[in-house]
Every structure is written in structure tokens, then in C-alpha cells.
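Structural overview for review
Spelled out, the chains give:
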Amino acid sequence: MMQGLDPLVLLALALGLDALVGEMGAVFRHVRHPVVLMGQAIAVLDQALNRPGASSRVRRAWGVGVVVLLVGGCWTIGELVHGLSTVVPLGWGIELFLVATLLAQRSLHDHVLAVAKALETGGLPAGRRAVAALVSRDPEALDEGAVARAAIESLAENFGDAVVAPVFWYALLGLPGVLAFKMVSTLDSMIGYRTETYRDFGWAAARLDDLANLIPARLAGILLVGAGWGLRGGSVGRGWRVMGRDHGHHRSPNAGWPEAAMAGVLGVRLSGPRVYPGQPPRQDPWVGEGPFALTPSDIRRALTVFWRACLLQGAALIGLAALT
């Protein structure tokens, strides 16, 4: 335990700091963000080791090695920084700042809200430009309802892997755990694809990310369902039922939990057919029930659910700290 500060309390404070100041652009204009440094390390090793001429077996072995090296390196850095925070006066502030930078409540909210505002003020072309920062599907193939769905889907999915999961791994394993998790998540976002280039090299990254999000995704779904209590037009019962019924409709073994929970609470349909650049249209099944031609007001309702779920998570941390 750090001098004078319970780790769960520190985690709750980090959530509060992130909610207030978000990405801390003023700081990271002068120094590189930890996730940027992670991405640069991945890019260097990807370019050096992911050689097209190598066999599948060799590329998979190199991919496993990259995961072990980078995740292990982040764990070690976490141990060193945490050790420093326990001996330096008020050193917990170092850890508090670092943990806050690894959370994404405010930045996720701001990016999703930007889509609603773009649709409201600039119409479909502006909405397409705004949602392109959140999803990889072809924005030109999206109508207004699909833009709004994409924003809400991204909000729900990222609540799981960019908010709940870092909190879970810090609560369980401290600073080494959350740094290791963020490296796993960054590896998956950069090389965890089922393309010719990354099918083998990114295999270990994708599988480890699935494992790391197994519990957090389900916790995220539960928090989103709970956040529907008393929401105008929302339903906890429907959220629970849709989450249990439709989570398996999603292509991801984990993202379906928070996405189905959000769809159920709001009483809308998410997911469904989609188009990615250079690929034939995909006929993914729908998640949820109700309208699928969504609007900016639906995005704003989803953001209300999101912030309620964030508050529930923070209250749970404070409650656990009081009991320990």
C-alpha cells in the first residue's frame, strides 16, 4: 500500500481526475503519452520482425515473442514506478497521474458527443467525418441512423475495454497490471487483425486481449444495465434480458456484453449490416430490439447511461475501500 493512500481510493481519484481534465493535452504537448510510447515500440518491432516472406509458424513465434517482451516490459516499468511512489514523499501523486492517463472516460465522452453535435449542426457529411475517428467502417456507406449507431456502439464497447478494464486490472494487480493491460490493448489495436499481414504475427496479441477483457466486459455490461435505473425511456429489466440474449450476436466474444446492455437499456437496435473499406458488405445480426434508425438524441441518451455507469463504478470502488 502507498504511504497514506488506499489503492482503491487512488483509483477512484484517478477516475475523478480523468473525468475532469480528460486527455491532458497541455501536458502531452511536451512529453509523449504512455500509450503513444507503447504504440511506437510496437511499430518498431512490427516493421523489424513481421516479414512477409517468413512462414506462418515463424511469424506467429515472433508475434508471441513481441507480446512477451512488451507486456513484460510494461509490467517491470510498473513495478519500478510503484516502488518509487512508495518511498518518495507524496509519491502516490506520480501513480495517480499515470493511472489517470490510462483511463478514457472524458476522451471517449468527448469523441462520441462530437458525433452528435456534428449531426445536429452539419448534417450527415459532418457526422460521417466525426464518426470516422471512432470506427474503422466505411463512413461513406453510413446514413444518419448508422452514424448514430456506430457512435453508440463505440461508446459501449470502449466503456468496457478503455474504462472498466483498466480499473479492473489496477484494482487486481496495481500499476504493473494496468500498464501491462494497456500494452495488451494497444497491441491488439495495432496488430490483432485477421488479415494476411497480421493473422499470424498478431495471433497472440488478439488472443491475450480477448482473455484480458473476459471479466471486464461482463462487468461493463452489468454497470450499463444498472445505469438504466430511473432513466427516461430506459429499462433495467430489458437491458438485462437483451444482454443475456444477444451478447453472442457480436463478432467479438467480449464487446457484445456492453453493447447488448446499452441496446437493451435504451430500447434500440445496434450492430447489424456494415461495410468496411475494401471488403464486401457484412450482414452482422442485430443486437437489441426497437428502432435502428437512430438520431443524435439517442447518442445523448447513451452518453447519460455511460456517465451513470462511470459513477456506479466509482461508487463501487469507494464502497470496497470502506470495507477493506
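Please refer to the structure placed before this passage.
These figures come from a predicted structure and were not determined experimentally.

A short note on the nonpolar core
Ranked by internal contacts, the top residues of the largest apolar core, which has 50 residues, are V115, F159, M262 and I299. Elements with a contribution of two residues or more to this core: helix 6 (105–131), helix 7 (144–191), helix 9 (214–226), helix 10 (236–246), helix 11 (256–266) and helix 12 (296–323). No other element matches the 11 residues that helix 7 contributes to this core. If we ignore the near neighbours within four places in the chain, the residues touching F159 are L108, V164, A220, L223, L224, F306, A309 and C310. Listed in part, the 46 residues of the second largest apolar core include A12, V67, F168 and W169.

A look at the pattern of salt bridges
For the structure on display, the rule yields 14 salt bridges. Among the ionic pairs, E196 bridges to R199, the shortest N-O distance being 3.2 Å. Its relative accessible area of 59% is what places E196 among the exposed residues. Between R245 and E289 there is a salt bridge; the shortest N-O distance is 3.1 Å. Within this pair, whereas R245 is found in helix 10, its partner E289 is found in the loop between strand 2 (286–288) and helix 12, the two being separated by 44 residues in sequence. Under the relative-accessibility criterion, R245 is labelled partly exposed at 42%. When its relative accessible area of 26% is taken as the criterion, E289 is described as partly exposed.

Some points on the environment of M24
One can find M24 in the loop between helix 1 (7–21) and helix 2 (25–28). Judged by its relative accessible area of 11%, M24 is buried. Between the alpha carbons of M24 and A100 there is a distance of 9.5 Å; along the sequence they are 76 residues apart.

Here's the deal with the packing of helix 1 against helix 5 (residues 92–101)
It is at 8 Å that the axes of helix 1 and helix 5 come closest, and there the two elements cross at 55°. When the axes of helix 1 and helix 5 are compared, the pair comes out oblique. Between helix 1 and helix 5 the crossing geometry is right-handed. Every residue of helix 5 that contacts helix 1 at L10, L11, L13, A14, L17 and D18 is listed here: W92, E95, L96, V99 and A100. Its residues placed into classes, the contact of helix 1 with helix 5 shows 9 nonpolar, no polar and 2 charged.

Definitions and cut-offs
Note on numbering: residues in each chain are counted from 1, in written sequence order. It should be noted that, the model being predicted, local features are given only for residues of pLDDT at least 70 and side-chain atom pairs only at 80 or more, the latter also being counted only at that level, while totals for whole chains, interfaces and linings use all residues. As a convention, hydrogens and water are excluded, and side-chain values are obtained from all of the structure's heavy atoms. Put simply, a nonpolar core is a bunch of buried Ala, Val, Leu, Ile, Met, Phe, Trp, Tyr and Cys residues held in one set by side-chain atoms that sit within 4.5 Å of each other. The buried label goes to any residue with under 20% of its type's maximum accessible area, the exposed label to any with over 50%, and the partly exposed label to all in between, with areas taken from a 1.4 Å probe on protein chains only. The way it works is that DSSP assigns letters per residue, a run of H or I at least four long becomes a helix, a run of E at least two long becomes a strand, and they are numbered from the N terminus. Pairs of residues are marked as contacts when any of their non-hydrogen atoms sit within 4.5 Å. Here, a salt bridge means any Lys or Arg side-chain nitrogen found within 4 Å of an Asp or Glu carboxyl oxygen. For every element, the axis is a line fit to its C-alpha atoms; helices are fit only across the contacting stretch, and the angle between N-to-C directions ranges from 0 to 180 degrees. Oblique is the label for any angle not covered by the other classes, which are roughly parallel (under 35 degrees), roughly antiparallel (over 145) and roughly perpendicular (65 to 115). Crossings are classed by handedness, with left-handed meaning an anticlockwise turn of the near helix from the far one by less than a right angle and right-handed meaning a clockwise turn. Residues were grouped as follows: Ala, Val, Leu, Ile, Met, Phe, Trp, Tyr, Cys and Pro as nonpolar; Asp, Glu, Lys and Arg as charged; and all remaining residues, including Gly, as polar.

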